[in-house]
Structure formats: C-alpha cells, structure tokens
Amino acid sequence: KKKIAVMTSGGDSPGMSGAVRAVIRQTIASGCVAYAVYEGYQGLVDGGEMIKQMQWEDVRGWLSEGGTLIGTARCMDFHERAGRLKAANNMIEKGIDALVICGGDGSLTGADRFRSEWPSLVEELVATGKRREEEVKPFKHLNIVGLVGSIDNDLSSTDATIGCYSSLDRICNAIDTIDSTAFSHQRAFVIEVMGRHCGWLALMAGVSCGADFVFIPENPPSENWEDEMCSVIKKHRELGKRKTTVIVAEGAHDQELHPISPSRVKDLLSKRVGLDTRVTTLGHVQRGGPPAAYDRMLATLQGVEAVKAVLEATPETPSPVICIVENKIVRKNLMEAVKLTKQVAADIESKNFKKAMEGRDAEFSE
Ligand code: ADP
C-alpha cells in the first residue's frame with residue numbers, strides 16, 4: 001500500500017488543520033496509508049514518534065480548528081544537507097515516498113529542493129551503509145505536492161491561499177469594532193495589519209471597511225504623500241465623516257523604501273489634521289482562530305486534489321502546487337509559482353514598483 005505523509009510548515013494559517021484532515025481522509029479513501037509529520041521539517045529530521053500513522057477518526061473535528069494541530073516550525077536543520085539526509089532516512093524507514101506540504105513559499109522551496117536531491121540522498125544512505133540497496137529500490141523517487149497556507153495571500157499563481165479570507169474576516173471584524181468607538185469620539189485610527197511583501201490584506205480590508213487611506217508595499221505613495229494623505233482626510237471630515245481609518249500594511253514604505261510606520265502616520269493626523277488619533281496593531285489575532293467557511297472549503301477541495309496529484313504523478317512530472325484560479329481548483333508548477341512570488345518581492349526591493357504591481361495583476365488575471 002502506498003504511504004502518503006502530510007506536513008504543515010512555516011507560518012501557520014487558519015485552514016491548515018482542515019487541509020491536513022482532507023489529505024489524510026482522501027489518502028485513506030484511496031486505499032493508501034496516511035501519515036502526519038509533526039512540527040514541520042523538524043519532525044521529518046527527528047523521525048520516530050514525530051511521523052505518525054493517522055486514522056480517519058484522528059482528524060475528526062479538525063475542519064473548524066484554527067492554526068495547525070500537527071504543529072509547525074521553522075527548522076534550521078532542513079537548510080543543511082545533513083538534515084535532509086536524516087529526513088530521507090526517516091521517510092524510507094517508514095516506507096513513505098510521497099509528501100504533501102502545506103506552507104508558504106519558503107516551505108515549498110525546501111520541498112522542491114528535497115525532491116531534486118532525493119536520488120543523491122538515497123545513494124548516500126546506501127554508500128554509507130545506513131540502508132541496503134534492495135531496501136531503497138522502491139524509493140528511487142520522491143513525490144512532492146504543495147498546498148499554500150498563508151494569511152498574506154502572497155503566493156503567485158493562485159487567487160487565494162488557505163487562511164487569507166479568515167484573516168481578512170478577522171481584520172474586518174476588528175475594524176468594525178474600532179469604528180464604533182472612533183465614531184463616538186470622532187477619532188482617527190491607524191491600523192497596522194500583517195503582510196510583509198504583500199499588501200493584499202491591507203488593500204482588501206481597506207475596500208471592505210471603507211478606509212480613508214491604505215499603505216501597501218507594492219504601490220508606495222507619491223513623494224508628497226504626507227500632504228496628500230492629510231488633504232484627503234481633511235476633505236473626508238469636511239464632507240461630514242466622524243471617523244477616520246488609515247490602514248498600514250506591516251511592510252509599507254515610501255518610494256525610497258523607508259518604512260511608513262503607524263506612529264508616523266498618527267503624528268501627521270494629530271499634528272497636521274488636528275485629529276485625536278490612536279494606533280492599533282492587530283497582531284496575531286489576524287492569524288489565529290477558526291477558519292472562515294471559504295478557507296474550510298479551499299482546504300478540503302485542495303487537500304483532496306493534492307492526494308489525486310500524488311497518485312497521478314510520474315518521476316517526470318514537475319512538483320505541482322494546488323491553486324485556485326477563477327474558482328477552479330488547478331495544479332500549477334510549484335517552482336514556477338515560487339519564482340513568480342520571489343520576483344514580485346525582488347521588484348519591490350529594487351524599487352521597480354510598476355513591475356511589482358504588474359506581477360500582482362498577472363497573478364489574478366492569469
Ligand atoms: P514559509 O513557508 O511560511 O515561507 P519559511 O520561509 O520560514 O516559511 O520556511 C519554513 C521552513 O522551510 C524553514 O524553516 C526551513 O526548514 C524550510 N526551508 C525554507 N527554505 C528552504 C530552502 N531553501 N532549503 C531547505 N529548506 C528550506
């Protein structure tokens with residue numbers, strides 16, 4: 001019987017537990033044996049109890065759970081060949097040659113590296129006497145499938161990552177809460193939301209909550225943004241608005257890549273517009289808690305597709321990542337998707353904002 005393992009890695013996101021549930025149950029439904037690797041790549045490197053066989057009932061109720069119930073970690077060992085060699089040995093010991101990974105672009109890069117290195121890792125295990133030749137025969141090839149778990153919606157090639165709509169919901173609820181007190185006191189609030197290279201959460205929260213001004217990394221404001229922001233906010237107040245909402249993505253910066261901090265925005269609103277202004281950093285409430293219905297659906301449909309991709313893969317198929325494009329669950333080339341994602345980050349860092357925006361647009365119109 002084929003053995004398929006599932007793992008969550010990198011930053012957690014709501015819906016990851018649902019994705020694990022879907023992979024495990026679809027694996028069992030397909031007549032295969034399911035394993036869960038605990039604590040991300042660290043579990044793969046440590047082996048033993050960290051790689052557990054899973055039954056249908058082990059994941060009961062996981063669909064509505066936040067975070068990841070099998071744990072996640074950032075694992076330094078996996079960056080080294082020695083760590084990946086241990087991981088390969090542990091997988092062969094359990095008889096596993098297929099791995100579904102739910103994580104961000106870092107985790108998916110690590111997975112693809114592991115797959116391309118696999119034949120040489122197996123060779124080394126035999127050459128060093130850790131494994132016998134006939135023992136490794138069925139494990140000549142490693143099968144990798146990616147699922148994207150991230151609250152930032154920062155992976156190219158997919159319209160939504162598992163967790164982004166839960167996070168957006170949480171942000172909207174928080175802003176609604178803040179709005180009512182802002183309205184009462186006619187205050188301004190500067191709200192910092194997550195998203196290092198990706199302004200999706202900030203932008204969509206701005207659209208969803210009717211913010212007055214939004215700062216995102218891909219499209220920094222004009223050089224005289226301070227004047228511009230102040231005059232927009234003043235105008236909104238003159239039109240009768242009792243509250244002001246400015247959303248700042250954590251990675252926001254100006255054209256010269258100098259960070260735009262919420263406290264700087266607050267000072268401007270207080271001193272130049274004369275508003276009673278407060279800063280709220282939403283922090284980890286954006287990450288935790290039960291997944292929104294959309295993420296439960298995405299996690300389930302994509303988890304099922306991941307197992308199908310494992311069962312249909314050949315040694316020649318490039319590693320796929322499961323995406324959603326125009327409401328259809330599709331497979332894309334994992335490394336292509338990672339490359340496009342890294343390109344947008346690189347475009348931002350080299351101040352090529354026009355290209356960064358085109359890169360983001362392409363993701364959604366492809
Ligand atoms: P995310 O998956 O959320 O982008 P990270 O970039 O922190 O998060 O990656 C998670 C883990 O994936 C790392 O701690 C490491 O174990 C593994 N990883 C990331 N990049 C690589 C790489 N180039 N080679 C090997 N392992 C990697």
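You'll find the structure just up there.
Residues numbered from 1 in each chain as written. Predicted model: local features only at pLDDT ≥ 70, side-chain atom pairs only at ≥ 80, totals over all residues. Heavy atoms only, no water.

Asks: I would appreciate a short explanation of the overall build of the protein in the present structure.
Replies: Helix and strand counts for the protein come out as 12 helices and 11 strands. In terms of overall dimensions, the protein is globule-like: its C-alpha atoms have a radius of gyration of 23 Å, near the 21 Å expected for 366 residues. Across the protein, every contact between residues at least 6 apart in sequence was considered, and the portion connecting residues at least 24 apart equals 77%. When the accessible surface of the protein is totalled, it reaches about 15,600 Å², and 51% of it is carbon and sulfur. Taking the average location of the 45 positive side-chain charges in the protein and that of its 50 negative ones, the two points are 3 Å from each other. (Helix = DSSP H or I, 4+ residues; strand = E, 2+ residues; numbered from the N terminus. Rg over C-alpha atoms; globule rule 2.2 N^0.38 Å. Contact = heavy atoms within 4.5 Å. Areas by Shrake-Rupley, 256 points an atom, 1.4 Å probe, with all protein chains shown as cover. Lys, Arg positive; Asp, Glu negative; His and termini not counted. Charge placed at Lys NZ, Arg CZ, Asp CG, Glu CD.)

Asks: Explain the sheet that holds strand E11 (residues 328-333) to me, please; I cannot follow it from the model alone.
Replies: Across a sheet, paired strands are connected by hydrogen bonds in the backbone, their directions being either parallel or antiparallel. Spatial strand order, E3-E2-E1-E4-E5-E10-E11: seven strands in an open sheet with mixed pairing. Two strands lie at the open edges of the sheet, namely strand E3 (51-54) and E11, each paired on one side alone. Each adjacent strand pair in this sheet contributes to an overall mean axis angle of 30°, direction not counted. The sheet contact formed by strand E5 (residues 143-148) and strand E10 (residues 320-325) spans two bridges and is parallel. Each bridged residue has a counterpart across the sheet, and for Gly 146 the counterpart in E10 is Val 321. Of the strands in this sheet, strand E1 (3-8), strand E2 (33-37), E3, strand E4 (98-103) and E5 are in contact with helix H1 (residues 16-29), which crosses E1 at around 180°. (Pairing = 2+ DSSP bridges. Axes fitted to C-alpha atoms, helices over the stretch in contact; angles between N-to-C directions.)

Asks: Any chance you could explain the pattern of salt bridges here in plain terms?
Replies: Side chains that differ in charge, positive against negative, can pair when their charged atoms come close. If you walk through the whole model with that rule in mind, you get 22 salt bridges. Taking the shortest distance from any N to any O, the salt bridge between Arg 81 and Glu 117 comes out at 3.9 Å. Taken together, the residues span a long stretch of sequence, with Arg 81 in helix H3 (residues 81-94) and Glu 117 in helix H4 (residues 105-127) at a distance of 36 residues. For Arg 81, a relative accessible area of 30% translates into the label partly exposed. With a shortest N-O distance of 3.0 Å, Lys 241 and Asp 212 are connected by a salt bridge. Residue Lys 241 is found in the loop between helix H8 (225-238) and strand E8 (244-249), and its partner Asp 212 is found in the loop between helix H7 (200-209) and strand E7 (213-215); the two are separated by 29 residues along the sequence. When its relative accessible area of 8% is taken as the criterion, Asp 212 is described as buried. (Salt bridge = Lys/Arg side-chain N within 4 Å of Asp/Glu carboxyl O. Buried < 20%, exposed > 50% of the residue type's maximum accessible area, 1.4 Å probe, protein only.)

Asks: It is not clear to me how the packing of H8 against helix H9 (residues 262-271) should be interpreted in this structure. Could you clarify?
Replies: Direction vectors running N to C along H8 and H9 enclose 55°, while the axes themselves pass 10 Å from each other. What the angle tells us is that H8 and H9 run oblique. Handedness of the H8/H9 crossing: right-handed. Residues Trp 225, Glu 226, Met 229, Cys 230 and Ile 233 of H8 form the contact with H9, whose own contacting residues are Arg 264, Val 265, Leu 268 and Leu 269. A breakdown of the residues in the contact of H8 with H9 according to their chemical character gives seven nonpolar, no polar and two charged. (Parallel < 35°, antiparallel > 145°, perpendicular 65-115°, else oblique. Left-handed = near helix turned anticlockwise from the far one by under 90°. Nonpolar A, V, L, I, M, F, W, Y, C, P; charged D, E, K, R; others polar.)

Asks: What should I look at first to understand the site of the ligand in this one?
Replies: In the vicinity of the ligand, 15 residues are found, and the nearest of them are Arg 74, Cys 75, Gly 106, Ser 107 and Arg 113. With respect to the ligand, the backbone of Cys 75 contributes an N or O atom lying 2.7 Å from an oxygen atom. Note that an oxygen atom of the ligand is positioned 2.5 Å from one of the side-chain N or O atoms of Ser 107. If the ligand stood free it would expose 550 Å²; the protein chains cover 82% of that surface. The element that contributes the greatest number of residues to the shell around the ligand is H4, accounting for six residues. For the shell around the ligand, the per-class residue count stands at three nonpolar, nine polar and three charged. (Near = heavy atom within 4 Å. Polar contact = N/O pair within 3.5 Å; in protein donor to acceptor, adjacent residues only side chain to side chain.)

Asks: Mind showing me how you'd approach the side chain of Asp 97 here?
Replies: Relative to the helices and strands, Asp 97 resides in the loop between H3 and E4. Polar contacts involving the side chain of Asp 97 include one to the side chain of Lys 2, which spans 3.2 Å. Excluding residues within four positions of it along the chain, Asp 97 makes contact with Lys 2, Lys 3, Pro 138, Phe 139, His 141, Leu 142 and Asn 143.

Asks: I'm lost on the pairing of E1 in this one. Help?
Replies: The buried fraction of E1 is high, at five of six residues. With five bridges joining them, E1 and E2 adopt parallel strand pairing. Considered in E2, the bridge of Ala 5 is made with Tyr 35. In the classification by handedness, the crossover that spans E1, the intervening H1 and the parallel E2 is right-handed. (Right-handed = clockwise from strand over helix to strand, strands pointing away.)

Asks: Would you explain H8 in this entry?
Replies: Side chains three or four residues apart in an α-helix point the same way, a direct result of the helix having 3.6 residues per turn. For H8, with 14 residues, the first-to-last C-alpha span of 20 Å sits near the 20 Å given by 1.5 Å per residue. Every buried residue belonging to H8 is among Trp 225, Met 229, Cys 230, Ile 233 and Arg 237, and all of these are buried. Angularly, the buried residues of H8 cover 130° about the axis, an arc narrow enough to put them on a single face. Of the residues in H8, the exposed ones pointing more than 90 degrees away from the buried face are Lys 235 and Glu 238. Gly 240 lies just past H8 and shows a positive phi near 105°. (Expected span 1.5 Å × (residues − 1). Arc of directions from axis to C-beta.)

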